[in-house]
Amino acid sequence: MNLLDYVADRWDRLSLQAWLHVSEVVQSTLIAAVIGVLIGVAVYRSPIGSAVATALASTILTIPSFALLGLLIPVFGLGAVPTVIALVLYALLPITRNTIVGLAGVDPAISDAAKGIGMNRVSVLTRVELRLAWPAILAGMRVSTQMLMGIAVIAAYAKGPGLGSEVFSGLTRAGSANATNQALAGTLGVVILALLLEGVYFLIARFTISRGIRG
Amino acid sequence: MAETVSGAEIQLENVTKRYPGTGEPAVKDFNMTIPAGKIVIFVGPSGCGKTTTMRMINRLIEPTSGTITIGGEDTLKLNADALRRKVGYAIQQAGLFPHFTVAQNIAVVPGLLDWEKKKIGDRVDEMMDLVGLDPSVYRDRFPRQLSGGQQQRVGVARALAADPPVLLMDEPFGAVDPITRGNLQDELLRLQLELRKTIVFVTHDFDEAVKLGDKIAVLGDQSTIQQFDTPEAILANPANDMVAGFVGAGASLKQLTLLRVRDVNYHDNALTVVAPDSSPAELRKQMSEQGKTYALVLDARRRPQRWVHVRDLSTASSLATVGRPVGDNVSTQSTLQDALEAILSEGGNAVVTGSRGEYVGTIDIETVTNTIQQLRDEHDAGSAAS
Ligand SMILES: Nc1ncnc2c1ncn2[C@@H]1O[C@H](COP(=O)(O)OP(=O)(O)OP(=O)(O)O)[C@@H](O)[C@H]1O
Ligand SMILES: [Mg+2]
């Protein structure tokens, strides 16, 4: 059976796995975005706080994904929970760092003007500073998403959902019927989904970044 | 034109600001009454505390001690955000929000004050007209699509949008080229004629201070007031060496920008002749009768056209072509400095015209020098008496 026939034959299962894959990556990115932006907002005014937050997030990134999952499984068991926790932790660095860089990069004269004409602290942050940092934050989310697409494959090790299970079982069954097709279908699926998500990010940027600050 | 003052008096009493971790206060025991509806300029060397003093008025910086009232109301008793919505604020390089359009920038404060949508839209257009930006062209532009001068105009429009009685301006025209700066200054004066706000304006350009200020406060270290007076008085009579240093050379010349031609005694005894009503021969007779060597030829609407010397007339066939054309002339609205320039380029004296361009007189260099001398004497007498 060639690859196309294989995909056509197993379409139901593959498309479900693809959907689960994208869904866990997107959800993890969103959770990480909320946490990362909150951390960024909390620390960006303090150089020490910014350095500590960035260093901590970088440290997480140096832990091999296998090891991290291995450490999470005894605590949270197998399945989606340890997978999502691991993905969120990995996604934190790019988002936190970009939020800090984006917020710190806002021209102080603009924040001063915002305060000076009567915006309260929350408005200055939400209507001015975060809006100006948004391109950087979005870029951080994009990097995180791309990274998570690959890491989520490894998550099959924790019996998490997604195309990882196809890749893994294809590889462990090497030599038997359709093993290569299965691994290949899983891998190509991840690549195609990653490209689709790139397109989605492009559209989000187009519609959410003001023309006044679009590069 | 509205003659009503919409500004409010600002009073600073014993205001001191000590930044945390510094020894000497940045502003020390500052006392000043800023009259309603006037432009008061803070000038002084870099770091003397102009910005700090100004920013305490809208509490962007909280005073360490002292009281500040606006229109009699103690600012420290108000909510700081609410206070700032009632005090216009414009800064160098405008500080516009780059992700907002021009209209959205101007609409911010009315929006914060919960004005109705329709009222905000109308107000935005009104403000754009006021600062000389065509709404249909610029409303939906972003700040980066504007020149520096245009951005500055939007900054002023944004500051004025909610019609605040007080306007604080920190070197608002500091970052634009000299010609644009001159235009922006002229516009601010024009606006002020209509609006009559109380304006506190920080600059370190003394010429700008002279041009714009109803009163100038020359500040020294720790915002100590070296002199607080009208530009005329400061130019004529600097209180101390520091002020004199700031006034700089050319104080007399600067005074000329303060006086208008209508304020001085220009001459109105030139021999004039209306071209279509007369002939060279007639004019020549008139000139010899009155013992004048020069005459001024006017057109039918009495606008100055040409200077004629008596000897030009013997060969002339028509008054429309005789002699030499009038070059630079000045109006009664012009400053004495403009007049001086016209006099020098015309060689001795310049024609003065009224509001419709009609001849009203001539002004010569003696009139200008006499005026300067007179100002000096008055101020010397004034300071000797006090
Ligand atoms: N946030 C701050 N913390 C500590 N010191 C400050 C702070 N802001 C200003 N200063 C000090 O206070 C003094 C007055 O500063 P200010 O900005 O009011 O001066 P300025 O007259 O506006 O100067 P310039 O003409 O350069 O704008 C300066 O010596 C400055 O170093
Ligand atoms: Mg300053």
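Since this is a predicted model, take the numbers as computed values, not measurements.

Definitions and cut-offs
- Counting restarts for each chain: residues are numbered from 1 in the order of the written sequence.
- A letter from A marks each chain and a number from 1 marks each ligand, given out in the order of writing.
- Under the rules for a predicted model, residues below a pLDDT of 70 receive no local features and side-chain atom pairs below 80 are neither given nor counted, while totals for whole chains, interfaces and linings still include all residues.
- The basis for the side-chain values is all heavy atoms of the structure; hydrogens and waters are excluded.
- By the criteria applied, helices consist of DSSP H or I runs no shorter than four residues and strands consist of E runs no shorter than two, each listed in order from the N terminus.
- Only protein chains enter the accessibility calculation, which uses a 1.4 Å probe; a residue whose area is less than 20% of its type maximum is buried, one above 50% is exposed, and one in between is partly exposed.
- Contact definition: two residues touch when any of their heavy atoms are within 4.5 Å.
- What sets the accessible areas is the Shrake-Rupley method with a 1.4 Å probe; for residues, cover comes only from the shown protein chains.
- Working convention for charge: Lys and Arg count positive, Asp and Glu count negative, and His plus the chain ends are omitted.
- Where a charge sits is defined by one atom per residue type, namely NZ (Lys), CZ (Arg), CG (Asp) or CD (Glu).
- Here, a strand pair is defined by DSSP locating no fewer than two bridges between the strands.
- UniProt positions are given in the numbering used here, feature names are shortened, and annotations may be inferred rather than shown by experiment.

What follows is about the overall build of chain B. Within chain B, the secondary structure is distributed over 14 helices and 17 strands. Split into buried and exposed, the 386 residues of chain B put 50% on the buried side. Summarising the internal contacts of chain B: among those between residues at least 6 apart in sequence, 62% fall at separations of at least 24. Carbon and sulfur atoms make up 47% of the accessible area of chain B, which totals about 17600 Å². Taken together, the 40 basic and 49 acidic charged side chains of chain B have centroids lying 4 Å from each other.

Residues and elements named next belong to chain B. By the criterion of burial, strand β3 (residues 39–43) is predominantly enclosed, with five of the five residues buried. Alignment of β3 against strand β8 (residues 198–202), held across four bridges, turns out to be parallel. Note that in β8 the partner of valine 40 across the bridge is valine 200.

Once that is clear, we can look at the UniProt feature "domain: ABC transporter" (unreviewed entry) in chain B. Per the UniProt record, "domain: ABC transporter" (unreviewed entry) is found at residues 10–247 of chain B. Taken end to end, residues 10–247 of chain B is 39% helix and 23% strand, and its two terminal C-alpha atoms sit 26 Å from one another.

Turning next to unusual backbone geometry. Its identity is not glycine, yet Asn178(A) carries a phi of approximately 65°, on the positive side. Its relative accessible area of 18% is what places Asn178(A) among the buried residues. Its identity is not glycine, yet Asp29(B) carries a phi of approximately 45°, on the positive side. Structurally, the position occupied by Asp29(B) is in strand β2 (residues 27–34). Asp29(B) sits in the partly exposed class, given a relative accessible area of 44%.

All names here are of chain B. Alignment of strand β1 (residues 10–17) against strand β4 (residues 65–70), held across five bridges, turns out to be antiparallel. Each bridged residue has a counterpart across the sheet, and for glutamate 13 the counterpart in β4 is threonine 67. Where β4 meets strand β5 (residues 73–74), two bridges bridge the pair, whose relative direction is antiparallel. Counted as the bridge partner of isoleucine 70 is glutamate 73 from β5. Counted along the chain from β4 to the antiparallel partner β5, the turn is two residues long, and its residue glycine 71 has a positive phi close to 55°.

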